Number of protein chains: 4
Amino acid sequence: MSFARLREEVYRVNMEIVEAGLVVLTWGNASGLDRAAGVLAIKPSGVAYDKLRARDIVIVSLATGTVSDGELSPSSDTPTHAEIYRAFGGVGGIVHTHSTYATSWAQSGREIPCLGTTHADHFYGPVPCARRLSDEELRFYERETGRVIVETFRSLGLDPLDVPGILLPHHGPFAWGPSAAGALANAIALEQIAKMAALTYAINPEPEAIPRNLLDKHFKRKHGAGAYYGQPAAGH
Amino acid sequence: MSFARLREEVYRVNMEIVEAGLVVLTWGNASGLDRAAGVLAIKPSGVAYDKLRARDIVIVSLATGTVSDGELSPSSDTPTHAEIYRAFGGVGGIVHTHSTYATSWAQSGREIPCLGTTHADHFYGPVPCARRLSDEELRFYERETGRVIVETFRSLGLDPLDVPGILLPHHGPFAWGPSAAGALANAIALEQIAKMAALTYAINPEPEAIPRNLLDKHFKRKHGAGAYYGQPAAGH
Amino acid sequence: MSFARLREEVYRVNMEIVEAGLVVLTWGNASGLDRAAGVLAIKPSGVAYDKLRARDIVIVSLATGTVSDGELSPSSDTPTHAEIYRAFGGVGGIVHTHSTYATSWAQSGREIPCLGTTHADHFYGPVPCARRLSDEELRFYERETGRVIVETFRSLGLDPLDVPGILLPHHGPFAWGPSAAGALANAIALEQIAKMAALTYAINPEPEAIPRNLLDKHFKRKHGAGAYYGQPAAGH
Amino acid sequence: MSFARLREEVYRVNMEIVEAGLVVLTWGNASGLDRAAGVLAIKPSGVAYDKLRARDIVIVSLATGTVSDGELSPSSDTPTHAEIYRAFGGVGGIVHTHSTYATSWAQSGREIPCLGTTHADHFYGPVPCARRLSDEELRFYERETGRVIVETFRSLGLDPLDVPGILLPHHGPFAWGPSAAGALANAIALEQIAKMAALTYAINPEPEAIPRNLLDKHFKRKHGAGAYYGQPAAGH
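Thresholds applied
- Residues numbered from 1 in each chain as written.
- Chains lettered and ligands numbered in written order.
- Predicted model: local features only at pLDDT ≥ 70, side-chain atom pairs only at ≥ 80, totals over all residues.
- Heavy atoms only, no water.
- Helix = DSSP H or I, 4+ residues; strand = E, 2+ residues; numbered from the N terminus.
- Rg over C-alpha atoms; globule rule 2.2 N^0.38 Å.
- Buried < 20%, exposed > 50% of the residue type's maximum accessible area, 1.4 Å probe, protein only.
- Contact = heavy atoms within 4.5 Å.
- Phe/Tyr/Trp six-rings, centres within 6.5 Å; stacked < 30°, edge-to-face > 60°.
- Lys NZ or Arg CZ within 6 Å of the ring centre and 35° of its normal.
- Least-squares fit on C-alpha atoms with pLDDT ≥ 70 in both.
- Axes fitted to C-alpha atoms, helices over the stretch in contact; angles between N-to-C directions.
- Left-handed = near helix turned anticlockwise from the far one by under 90°.
- Nonpolar A, V, L, I, M, F, W, Y, C, P; charged D, E, K, R; others polar.
- Polar contact = N/O pair within 3.5 Å; in protein donor to acceptor, adjacent residues only side chain to side chain.
- Salt bridge = Lys/Arg side-chain N within 4 Å of Asp/Glu carboxyl O.
- Pairing = 2+ DSSP bridges.
- Buried area = accessible area lost by both parts, 1.4 Å probe.

## Some remarks on the overall build of chain A
Then step 1. Counting secondary structure elements, chain A contains eight helices and seven strands.
Then step 2. The C-alpha radius of gyration of chain A comes to 17 Å, within 12% of the 18 Å expected for a compact globule of 236 residues.
Then step 3. The dimensions of chain A, computed from C-alpha atoms along their principal axes, are 50 × 50 × 35 Å.
Then step 4. Per-residue burial over chain A gives 62% buried out of 236 residues.

Here it is, written out as structure tokens:
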């Protein structure tokens, strides 16, 4: 089994996070999951984006975390991706970047409040900021980063597909979705809503959160049984 | 009747709002009106801009709001466009985006004050911010969004061609003009004056509004009977 | 006499202010002077930059302000350019834009303080902000705009080649230089120092101005008899 | 000896600081060192980047500071580069720019605190800001600029390869690395962390510095004996 299609999709999304301006140097990685095959595909560690080829994408076993196929070492963040895939059943793709505005919110240690419909179209409420890791947890840094993401969603009672992303304090954002392409769209949206939230606070230091009725209207216009945005043929 | 020319113009303006940097993902749509034929032409809903073709533009009856010609579903914002065309006689094109700075002002819930001649060349006074919709109005969200735009202009006594745009709180801007191309220019201007207004407040938290004499001078240099900007052959 | 070379240079600088990101829509114009021939060359009014050709550049008599050669109407700002050329002997080119950060400083009504060597390399001290025009002066808006620029430099005792630019309140910047290309470089520098000054104040609300000794060092490293920056063959 | 390879590398890095958006006009220069040959290679002074060719790169003796090979005058900042190479044994490349955010921090007179892992991946702690030069030191401006950089690192007890850059007050940043390419990566990182630090303070005026354990984890993940980021074949 060559995983050629999965590699190609994950390669493409890795290149698109660069084209979308979310990545400086090598600060980012995208992965995709083949849940039936029990593997994830992810960018190799520290490879410059202008040198990356589809065949460099590394295939990693979800169960063991070891390389199933590929000649390079996977991203050092692979254990974080694996924890998210193991805990969040509907997730099929993950994007991690140090995109400018989302990282600045992460560095501020604050969740991104939901201030408008751009946010509500992708995230059904604030984008949470996780807690810090303890010294003990830092010994298994990447794995524990994934576990604290899962812990945050469980303690807040959030569905990870309703709020497909999180901020890690002093670090940056992770975004995900039903597929690698879906994760990419949510990562782009997250950076843009982070930028607009920062600007909104600069204009009005005490903006009101989006009213509940408008939040529900916009999220449900695009998601779930009553969705009517987009083309019927496209499935939603 | 093929509406090929109207489709082509509306297609081009939809592509130009992307090229001008006003649109991220699919957050935007442009329309144009053929008032004699009683139809508007608008972007299909949820179609990625890099896949959009002129023939995908949907023709919608202004009277009934139903599709007159085209194979795709029109933008979910079509009822908003239709309300604006019905109420504002001189409007021939509408552009809706979630452009970064105009959306940030909309999220702040504040009108954009007129601070300089860049603003005065396109908008004859502050760009207003509409009121929120009630729960009842949200049941017919897109139609009522159009109606609250019209209500705002009537209650403020504003001519929609003197102030060709508005902010919707917790949402973003709509801009319009005598044609789709005119709406595009006003949407670009709105984003730029929103950006410069935010920066002006950052530099000086209490800037003075443009003096009345300079506002009149600049708006009238470009608009109305005494206009002398541009080439005589071009009409003004 | 065809003025082909002057037209070509002025055309090129007009295109470069767009490429440098200083111009949105048609908000900008550049001119150049042939002092021996007594004419200035300037962009035609309201012509879109992507349609502009070198032969559209309009030749205007410096003495009378009327068109000497060309088929289009000159920029409505032509009388401002002419006043500057008449009063400032060493000036050979002028660039007017509504570039984002310089315009935001102009809208704030404040001079740009000299905070660093980037500023000192081009402007020997703060970039001044002119006074407002009176109602009477607004009757001859463009001419009086030029006159208030000259008045500002005379009342501050500034040499216009030491400080090759100014802000007009509620409007935007003018920059100039010994040639149209020199004016372009100063306009680019002005926008960049305006941006960095705004950011400096955001980081530290009370930054210190550049020390006098460093200001002198940097300006004189590039300008005047003791200059040693650049290649000897290039004249300085 | 032609120094063709060194010239080519230094030429390429000079072009890449422009492509990375770190340079406006001619405000920047990069150099590389051949420590065995006792020479540095650097951009010529005041040459426009779009005219620069690899053969224009000037070869300068590290011992005497005079031109060893090349027809143009070296960057006026050459004595600063030479002082850094002489004092910091492991440095093989230096990049100086007036990049927007790093320069704004320099103009604010403040060090850049370490707020997150993006910073910690490249700089092991705050990026320091040097002291001002005295009147006497300004007589030998470029040489003394290099000496105050060295003095800053010695007085703070910093290893220049742990913290590969500095801010000069009222001026801008210098960054370095084991090679010209390494200096380029650190210059790009410095601008990006300067931008994110400014935004973090705008969102939260009192952000916490990165916890010590996370700083150590990230820096050591990429640097030193225990590093595990990147591909084993690539050496770390």
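## A closer look at the environment of Ile-166 of chain A
All names here are of chain A.
Then step 1. Here Ile-166 is to be found in strand β6 (residues 165-168).
Then step 2. Overall, the relative accessible area of 0% leaves Ile-166 in the buried class.
Then step 3. Considering only alpha carbons, one finds Ile-166 and Val-60, 106 residues apart in sequence, at a separation of 23 Å.
Then step 4. Leaving out residues up to four positions away in the same chain, Ile-166 has contacts with Val-127, Pro-128, Ala-130, Ile-149, Thr-152, Phe-153, Gly-172, Pro-173, Phe-174 and Trp-176.

## Regarding the packing of aromatic side chains
Residues and elements named next belong to chain A.
Then step 1. Under the defined criterion, the tally for this structure stands at 20 aromatic pairs over all chains.
Then step 2. Members of the aromatic cluster, joined through ring pairs, are Phe-88, Phe-153 and Trp-176.
Then step 3. One residue, Lys-43, lies across the ring of Tyr-49, its end atom 4.7 Å from the ring centre.

## Some points on the relation of the copies chain D and chain C
Then step 1. Screw-axis analysis of chain D against chain C gives a translation of 0.0 Å along the axis, an RMSD of 0.0 Å, and a rotation angle of 90 degrees. The relationship between the two copies is best expressed as a four-fold rotation axis. Across chain D, the rotation axis passes nearest the C-alpha of Ala-202 of chain D, at a separation of 5.4 Å.

## Regarding the packing of helix α3 (residues 100-108) of chain B against helix α7 (residues 180-203) of chain B
All names here are of chain B.
Then step 1. Running from amino to carboxyl end, α3 crosses α7 at an angle of 65 degrees, the nearest separation of the two axes being 7 Å. The element α3 and its partner α7 pack so that their crossing is left-handed. Along its contact with α3, which presents Thr-100, Tyr-101, Ala-102 and Trp-105, the element α7 presents Leu-190, Glu-191, Ala-194, Lys-195, Ala-197, Ala-198 and Tyr-201.
Then step 2. Among the residues making up the contact of α3 with α7, the classes are represented as eight nonpolar, one polar and two charged.

## Thoughts on the side chain of Glu-83 of chain C
All names here are of chain C.
Then step 1. Topologically, Glu-83 is positioned in helix α2 (residues 78-87).
Then step 2. Given a relative accessible area of 11%, Glu-83 falls into the buried group.
Then step 3. A polar atom in the side chain of Glu-83 sits 3.4 Å from the side chain of Arg-147.
Then step 4. Beyond its immediate stretch of four places on either side in the chain, Glu-83 contacts Arg-143, Gly-146, Arg-147 and Val-150.

## Some thoughts on the pattern of salt bridges
Then step 1. Counting across every chain of the model gives 56 salt bridges over all chains.
Then step 2. The partner of Glu-151 of chain B in a salt bridge is Arg-131 of chain B, and the shortest N-O contact between them spans 3.0 Å. Highlighted residues: Glu-151 of chain B in helix α6 (residues 141-156) and Arg-131 of chain B in the loop between α4 (117-122) and α5 (135-138), separated in sequence by 20 residues.
Then step 3. Relative accessible area serves as the criterion here: at 36%, Arg-131 of chain B is assigned to the partly exposed category.
Then step 4. With a shortest N-O distance of 3.4 Å, Glu-83 of chain C and Arg-147 of chain C are connected by a salt bridge. You can see Glu-83 of chain C sitting in helix α2 and its partner Arg-147 of chain C sitting in helix α6 (residues 141-156), a full 64 residues away along the chain.

## Some words on the sheet that holds strand β5 (residues 93-97) of chain A
Residues and elements named next belong to chain A.
Then step 1. As summarised here, the arrangement of the seven strands in space is β4-β3-β2-β1-β5-β7-β6, forming an open sheet in which the pairing is antiparallel. Whereas interior strands pair on both sides, the edge strands pair on one side only; in this sheet they are β4 (67-69) and β6. The mean inter-strand angle of the sheet, taken between neighbouring strand axes irrespective of direction, is 25 degrees.
Then step 2. Two elements, strand β1 (residues 28-34) and β5, share five bridges in a ladder whose sense is antiparallel. Paired with Ala-30 across the strands is Val-95, a residue of β5.
Then step 3. Contacting β1, β2 (39-42), β3 (58-61), β4 and β5, helix α1 (residues 4-19) crosses the sheet at an angle of about 155 degrees to β1.

## Brief notes about the interface of chain D and chain C
Then step 1. Taken together, the 34 residues of chain D in the interface contact 33 residues of chain C.
Then step 2. In terms of surface lost to chain C, no three residues of chain D exceed Trp-27, Gln-107 and His-170 of chain D, which account for 23% of the buried area on that side.
Then step 3. Where chain D packs against chain C, one counts three salt bridges.
Then step 4. The partner of Arg-132 of chain D in a salt bridge is Glu-208 of chain C, and the shortest N-O contact between them spans 2.5 Å.
Then step 5. Applying the counting rule to chain D against chain C returns 19 residue pairs in polar contact (both at pLDDT 80 or more).
Then step 6. Secondary structure elements with two or more residues in the side of chain D that touches chain C: α3 (100-108), α5 (135-138) and α6 (141-156) of chain D.
Then step 7. The element best represented in the side of chain D that touches chain C is α3 of chain D, accounting for seven residues.

## Side note on the interface of chain D and chain A
Then step 1. Each partner contributes to the interface: chain D provides 33 residues, whereas chain A provides 34 residues.
Then step 2. For the pair chain D and chain A, the summed buried surface comes to about 2800 Å²; carbon and sulfur atoms form 54% of the total.
Then step 3. The tally of links between chain D and chain A comes to three salt bridges.
Then step 4. Here Asp-77 of chain A ties to Arg-221 of chain D by a salt bridge, and the two come within 3.4 Å at their closest N and O atoms.
Then step 5. At the surface where chain D touches chain A, the tally comes to 19 residue pairs in polar contact (both at pLDDT 80 or more).
Then step 6. Secondary structure elements with two or more residues in the side of chain D that touches chain A: α4 (117-122), α7 (180-203) and α8 (212-222) of chain D.
Then step 7. At 10 residues, the largest contribution of residues to the side of chain D that touches chain A is made by α7 of chain D.

## What about α3 of chain D?
Then step 1. Along α3 of chain D, nine of the nine residues are buried, which leaves the element largely enclosed by surrounding structure.
Then step 2. Restricting attention to buried positions, one finds in α3 of chain D the residues Thr-100, Tyr-101, Ala-102, Thr-103, Ser-104, Trp-105, Ala-106, Gln-107 and Ser-108 of chain D.
Then step 3. Residues of α3 of chain D that are buried sit in contact with α4 (117-122) and α7 (180-203) of chain C together with β5 (93-97), β6 (165-168), β7 (172-177) and α7 of chain D.
Then step 4. Just beyond α3 of chain D, the residue with positive phi is Gly-109 of chain D, at close to 75 degrees.

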